[in-house]
Every structure is written in C-alpha cells, then in structure tokens.
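Commentary on secondary and tertiary structure
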Amino acid sequence: MAAQISPSILSADFARLADEARAVDGADWLHVDVMDNHFVPNLTLGVPVVESLARATDTPLDCHLMIEAPDRWAPQYVEAGASSVTFHVEAAAAPVRLAREIRAKGARASMALKPATPIEPYEDLLPELDMLLIMTVEPGFGGQAFLDIMLPKIRRTRELIAKHGLELWLQVDGGVSAETIERCAEAGADVFVAGSAVYGASDPAEAVRALRSQADE
Ligand code: DX5
Ligand code: ZN
C-alpha cells in the first residue's frame, strides 16, 4: 500500500484549529489526539471539538484516544464524525467488543500499543481491526524523540499481519520525521503520524508531501 500521512493537530495552534486543519489539505488523514489527564499526563480536547473539526475539513479524522474507559467513549467519536478511531488496549475493558462496535457504527477500528505493550498476546485480535498503532514514544506529548527500540516490534507485527493474510494498516506515532520515517517504512509501517515535523515546518502541506515521498521510496 502507498504510504499515508496523518498530521497530528496536537502540534498546531489550538486557537486556529480550522485553519490549521486546512493547512494540511492533501494529507490522507488528520490525526486528533484526545487526552484525558488520566491515561496520560496531559489534557487536550473532546467530542465537541471533534464535531467542529469534522465540519471544518474534508480530510478524514483519525482520532487517537489516550483516555481511560474507551469502551464508553469511542462510539461517541464515531458519531462526532471520526472516520477512524484508535483506542489503547491497555485501557479497554473489552477490546473485541469495542472494535466491533466502532466498525458497526461505520468507522475504521484501530488499537494502539504503548511502547512496553507487546503485540504477541493480541495476535488473535488482529482480524477484528482495520489498523494497529505502534507508539514510538510514550504517549502524552508531541515533540519527543523517536524510540528506535520499537523497530523490531514494527517488524514482528508486519510479519504477523502477513502470516494471517490481513489487510491491516500499521501506523506509527511519535517522533516520526524526515530523519526517522524511512526506518519505520522499512520495518513495515504504512501510516505515519507526524506532529512537530509537519506543523513545525514553514509549509505544512509541503512537509506532508515530502514525508510521503520519503516513505514511498
Ligand atoms: C503523542 C501523540 C502524538 C503526537 C506526535 O502522545 O499521540 O500523535 O502528536 O507528535 P510528534 O510527531 O511531534 O512526535
Ligand atoms: Zn497520537
């Protein structure tokens, strides 16, 4: 599959969210980081902001829920207009039921793993998912350094996806930039979240194009 780029609005100016969303027209997704100050030590935005963002841009929303009780909240993000909803397996009470509910409501179901969470216990869940997110930093903040030690997990996950013959997308999030995206692509990732590398650039739309062509090389 061709590489997809999902700019993270966490690194954007929150007072100008609609303009910042449109500044990356041409991106495959807009990555929306929802944090509740419980699952991670940071607080961002919730359902009403996602509803407004969905009206403000034609780019599909990729909501990354870094929250407790995703079983209760994730369906509301689909209703708010998200085309893809990612919950953390560490927080989900019933990941299979939740993935099925997200799909039944019409969005892509995605599950995220923190750096210390192994993929192997979840091999049998993969057919229930449309995307798996491997965090390449500890979730909570933008602008952190990419964790190279996650590359073997990306590689092992890609092998599991191939072994089961699945059409599962493999997303990486955290520290993805011009310096690190090729390593991620080589290891098997195909959806790339980039916050500071896109919104820290003088031309965010051009940064998206440059990252995509680097990942596709
Ligand atoms: C971190 C968030 C990321 C963050 C990435 O917990 O999940 O999506 O915005 O930011 P960068 O690309 O700057 O590491
Ligand atoms: Zn994220």
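Since we're looking at a predicted model, the values are computed, not measured. (Residues numbered from 1 in each chain as written. Chains lettered and ligands numbered in written order. Predicted model: local features only at pLDDT ≥ 70, side-chain atom pairs only at ≥ 80, totals over all residues.)

A look at the sheet that holds strand 7 (residues 169-173)
With respect to topology, eight strands assemble into an open sheet ordered 1-8-7-6-5-4-3-2, the strand pairing being parallel. If you trace the sheet from one side to the other, it starts and ends with strand 1 (4-7) and strand 2 (30-35), each paired once. Each strand axis lies, on average, 25° off the axis of its neighbour in the sheet, ignoring direction. Sheet strands in contact with helix 4 (residues 95-104) are strand 4 (84-88) and strand 5 (108-113), and its direction is about 145° off that of strand 5. Along the sheet, helix 8 (residues 204-216) contacts strand 1 and strand 8 (191-194); its crossing angle with strand 1, the most-contacted strand, is approximately 145°. (Pairing = 2+ DSSP bridges. Helix = DSSP H or I, 4+ residues; strand = E, 2+ residues; numbered from the N terminus. Axes fitted to C-alpha atoms, helices over the stretch in contact; angles between N-to-C directions. Contact = placed C-beta atoms within 7 Å.)

A short note on the site of ligand 1
Residues in contact with ligand 1 amount to 22 residues; listed here are only the nearest, S8, L10, G142, G195 and S196. Sorting the residues of the shell around ligand 1 by element identifies strand 2, strand 8 and helix 7 (196-199) as the ones contributing at least two each. For the shell around ligand 1, the class distribution of residues is eight nonpolar, 12 polar and two charged. (Near = placed C-beta within 6 Å. Nonpolar A, V, L, I, M, F, W, Y, C, P; charged D, E, K, R; others polar.)

Some details on helix 5 (residues 151-163)
Compared with an ideal rise of 1.5 Å per residue, which puts 13 residues at 18 Å, helix 5 spans 18 Å between its outermost C-alpha atoms and is within 8% of the ideal. Of all the residues in helix 5, the buried ones are L151, K153, I154, T157 and I161. Projected down its long axis, helix 5 shows its buried positions confined to an angular sector of 160°, all on one face. Across helix 5 from its buried face, at more than 90 degrees, point the exposed residues P152, E159, A162 and K163. (Expected span 1.5 Å × (residues − 1). Buried ≥ 20, exposed ≤ 12 C-beta atoms within 10 Å, placed from the backbone. Arc of directions from axis to C-beta.)

Quick word on the pairing of strand 3 (residues 61-66)
Note on strand geometry: in a regular strand, side chains alternate between the two faces of the sheet. For strand 3, the buried fraction is high: six of the six residues fall into the buried class. Along strand 3, one buried face is formed by L61, C63 and L65 and the opposite face, lined by D62, H64 and M66, is buried too. With six bridges joining them, strand 2 and strand 3 adopt parallel strand pairing. Across the sheet, V34 pairs through a bridge with L65, a residue of strand 3. Viewed along the sheet, the connection from strand 2 through helix 2 (residues 47-56) into strand 3 turns out right-handed. By the bridge criterion, four bridges tie strand 3 to strand 4 in an arrangement that is parallel. Within the sheet, the bridge partner assigned to L65 lies in strand 4 and is F87. With helix 3 (residues 70-79) bridging strand 3 and its parallel neighbour strand 4, the resulting β-α-β unit is right-handed. (Right-handed = clockwise from strand over helix to strand, strands pointing away.)

Regarding the packing of helix 3 against helix 4
The N-to-C vectors of helix 3 and helix 4 enclose an angle of 15°; their axes lie 9 Å apart at closest approach. As judged from the angle between their axes, helix 3 and helix 4 are roughly parallel. Helix 4 is crossed by helix 3, and the crossing has right-handed handedness. On the side of helix 3, the interface is formed by P70, D71, A74, P75 and V78, while helix 4 contributes L98, E101 and I102. (Parallel < 35°, antiparallel > 145°, perpendicular 65-115°, else oblique. Left-handed = near helix turned anticlockwise from the far one by under 90°.)

Thoughts on helix 8
Counted at 1.5 Å a residue, the expected span for helix 8 with its 13 residues is 18 Å, and the 18 Å between its end C-alpha atoms agrees. Packed against the buried residues of helix 8 are strand 1, helix 6 (181-187), strand 8 and helix 7.

With respect to the UniProt feature "active site" (unreviewed entry) in the protein chain
As recorded in UniProt, the feature "active site" (unreviewed entry) lies at D33 and D173. Over a stretch of 141 residues, the named residues converge on one spot in the fold, their C-alpha atoms separated by at most 10.6 Å. Following the sequence through the fold, D173 ends up in strand 7. The exposure class of D173 is buried, given the 25 C-beta atoms found within 10 Å. Ignoring any residue separated from it by four or fewer positions in sequence, one finds D173 in contact with H64, L133, M135, T136 and V193. (UniProt positions renumbered as here; feature names shortened; annotations may be inferred.)

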